[in-house]
Amino acid sequence: MSLDQDFYTKAIEGLRGAWTRFDAKRAQPRRASLARNVKFDALGPSTRWGHSQFLAVTGKVTSMFNWVTKASGWADINRLVYFRGGDTLVMYNFPGASSVDLFTLAGRAAIVAEAGNRLYAAVFNTNIQGAGEARVVNALIGGTPSDKAFAAPMANVPVMSENGAGNCSAGAKKFGYILETRTGFSGKYSPSSGLVDYTPTAGDKTIRMTITADTPDDAAYYHPIMTTTENPNRVFFVPGGALGIPGGAAGWVVNIDISISDDDLARTGVEANDHEDYLTQSGGTGPFSPSAVVELGNRMGYIVDNKLYISDIDDFQVLREAFNVRYLPGKKQIVGAFVQRGVIYTLGPGWTHGFHDNADYPATWGRPDTISDALGCPGPLAYTTRTAGDFAWVANPSGLYLFQGGFPEYPISYADDPDWQLINWAAPYSVIVVDDVANQCVKVAAPLGSATEPTHVFKWDYSRGL
């Protein structure tokens, strides 16, 4: 046979080896658990990317949070915060490949909310109730400690005396101080027994306040406070009187000299009377045990059963029972909350409502709007707002919903309802919703059948549109 005859030719471009894919073949979704070493794309199954162990963890991990923030004057923060073994919140530092146990509190999982260089945390149990006090993590402090929120006032009574000439007016006055912690919280008056009465021998004096105390571990500043003679019920911060103190110092002695006339104090001093209404710890116990802390724009929210405590603007631990609490109609249970397009949405097991922030005390806000009296969220981790856009994912027994100010007619899980109905909603604490922003897909880890721990992961790809 001669090879001189002409042949048809074809240029081969982008040669990438042999084509080894099989023809498309349909399979039951329930068989997917057997495909442990494959990945799926538009063309069908192929070998998946491999995995290597990144972090060894002893004990079950029930929640995690990637804390990424910019710290002025410090290195960027990129840390993984996770709840391990049913009792410990751990923080892993990616750049340094090191971890630290933040605090121990027995519960199901932790909910965290970031606020600048601090992280607020709460632990809930399987009854969707708070397991203990709220904590605050200070990212920029050596050792990255965590402190209890809402620090109590101190009991140490200051000793008052005169220290030469000055500007203090004659007449009886009341004196005290307010402790500011490294979490940024300035609480009630100290001493806790009440302000100290003191009368200088004459006018034009400097009054010295001497405080001797074992300072709390989270102590940062003393702020002296006082009244005028004319009105002993109106309390002011002494201008320029703040004094830095070390935390955890035994028998620490400070002298604060006060030299200001009553007229100047009333004219330039900032009133401190509101501080006596602040919710604080008492006897080593916090004012409440939240099931979740949630970032609400420029406020922080604390969920306690059927109450939503909403902080003052940019003052995330300032709460007063009379001004900072909101209820849902009928005082229904609250499981989660988030902000979307300026509205604070609250989620319960079978209801959703929205509050409008008028930039005043939350008690002055209007009645909440009813978004749904049928759809809500049964578990604290069964929704997420950490998504690729201005939307949230909300999971409940009827499906997984794309939330954009309201619920659509059908959930995105509509076509997969037979599988979705296998979820054991008697264990709502174990349902977890996560948005994979990089790959544009949403995942739901859930217990199926009689299981009470996640056994399967549902996944929906929205890379071609929501």
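Keep in mind that what you see is a predicted model, and the values were worked out from it rather than measured.

Reading the values: the criteria
- Counting starts from 1 at the beginning of each chain's written sequence and moves along it residue by residue.
- Owing to the predicted nature of the model, reporting of local features is limited to residues with pLDDT of at least 70; listing and counting of side-chain atom pairs is limited to 80 or more, with chain, interface and lining totals taken over all residues.
- Side-chain metrics in this entry use all non-hydrogen atoms of the structure; hydrogen atoms and water are not considered.
- One speaks of a salt bridge when a side-chain nitrogen belonging to Lys or Arg is within 4 Å of a carboxyl oxygen belonging to Asp or Glu.
- A run of DSSP states H or I qualifies as a helix once it reaches four residues; a run of E qualifies as a strand once it reaches two. Both are numbered from the N-terminal end.
- Only when DSSP finds a minimum of two bridges between them are two strands counted as paired.
- For the exposure calls, accessible area comes from a 1.4 Å probe over protein chains only, and a residue counts as buried if that area is under 20% of its type's maximum, exposed if over 50%, partly exposed in between.
- Each axis is a line fitted through C-alpha atoms, taken for helices only over the stretch in contact, and angles between the N-to-C directions span 0 to 180 degrees.
- What makes two residues a contact is simply this: any of their non-hydrogen atoms within 4.5 Å.
- Buried Ala, Val, Leu, Ile, Met, Phe, Trp, Tyr and Cys residues form a nonpolar core when they are joined through side-chain atoms within 4.5 Å.

A. Quick look at the pattern of salt bridges. Under the definition given, this model contains 18 salt bridges. For the salt bridge of Lys332 with Asp373, the shortest nitrogen-to-oxygen distance reads 3.2 Å. Taken together, the residues Lys332 in the loop between strand 23 (325–326) and strand 24 (336–340) and Asp373 in the loop between strand 27 (369–372) and strand 28 (383–384) connect sequence positions 41 residues apart. The network of salt bridges with shared partners includes Lys60, Arg108 and Glu453.

B. The arrangement of the sheet that holds strand 29 (residues 392–396) in detail. The strand order across the open sheet built from 3 strands is 28-29-30, with neighbouring strands paired in antiparallel fashion. Because the sheet does not close on itself, it has two edges, and the strands there are strand 28 and strand 30 (399–403). Sheet analysis places strand 28 next to strand 29, joined by 2 bridges and oriented antiparallel. For Thr384, the partnering residue across the bridge sits in strand 29 and is Trp393.

C. Main features of the pairing of strand 7 (residues 109–115). Counting buried positions over the 7 residues of strand 7 gives 6, a clear majority of the element. As paired elements, strand 7 and strand 8 (residues 118–124) share 7 bridges and run antiparallel to each other. Paired with Ile111 across the strands is Ala122, a residue of strand 8. Following strand 7, the chain reverses through 2 residues before pairing antiparallel with strand 8; Gly116 in that reversal takes a positive phi of roughly 65 degrees.

D. Molecular detail of the sheet that holds strand 3 (residues 61–69). Strand order in the open sheet made by the 4 strands is 3-4-5-6, with antiparallel pairing throughout. With one partner strand each, in any of the chains shown, strand 3 and strand 6 (98–104) form the two edges of the open sheet. For this sheet, the mean inter-axis angle between neighbouring strands, taken without regard to orientation, is 20 degrees. Alignment of strand 3 against strand 4 (residues 77–84), held across 8 bridges, turns out to be antiparallel. By the bridge assignment for strand 4, Ser63 is matched with Phe83.

E. Structural view of the environment of Ile432. Tracing the backbone shows Ile432 in strand 31 (residues 432–436). Note: C-alpha distance between Ile432 and Ala446 (14 residues apart in sequence) is 6.6 Å. With sequence-adjacent residues up to four places away left out, Ile432 is seen in contact with Thr62, Leu381, Lys443, Val444 and Ala445.

F. Up close: the nonpolar core. If you look at the biggest cluster of nonpolar residues, it comprises 50 residues, and the most contacted ones within it are Trp393, Leu400, Trp420, Ile423, Val444 and Phe458. With near-sequence residues (within four places) excluded, Ile423 lies in contact with Val431, Ala446, Pro447, Leu448 and Phe458. By size, the runner-up hydrophobic cluster in this structure holds 23 residues, among which are Ile207, Met209, Val254 and Leu265.

G. View of unusual backbone geometry. Between Ser190 and the following residue, Pro191, the backbone shows a cis peptide bond with an omega angle of 5 degrees. The residue Pro191 is located in the loop between strand 13 (186–190) and strand 14 (196–198) in this model. A positive phi is found at Ile128, a non-glycine position, where the angle reads about 60 degrees. When you line up the elements, Ile128 lands in the loop between strand 8 and strand 9 (135–138). Look at Ile128 and you get buried, because its relative accessible area is 8%.

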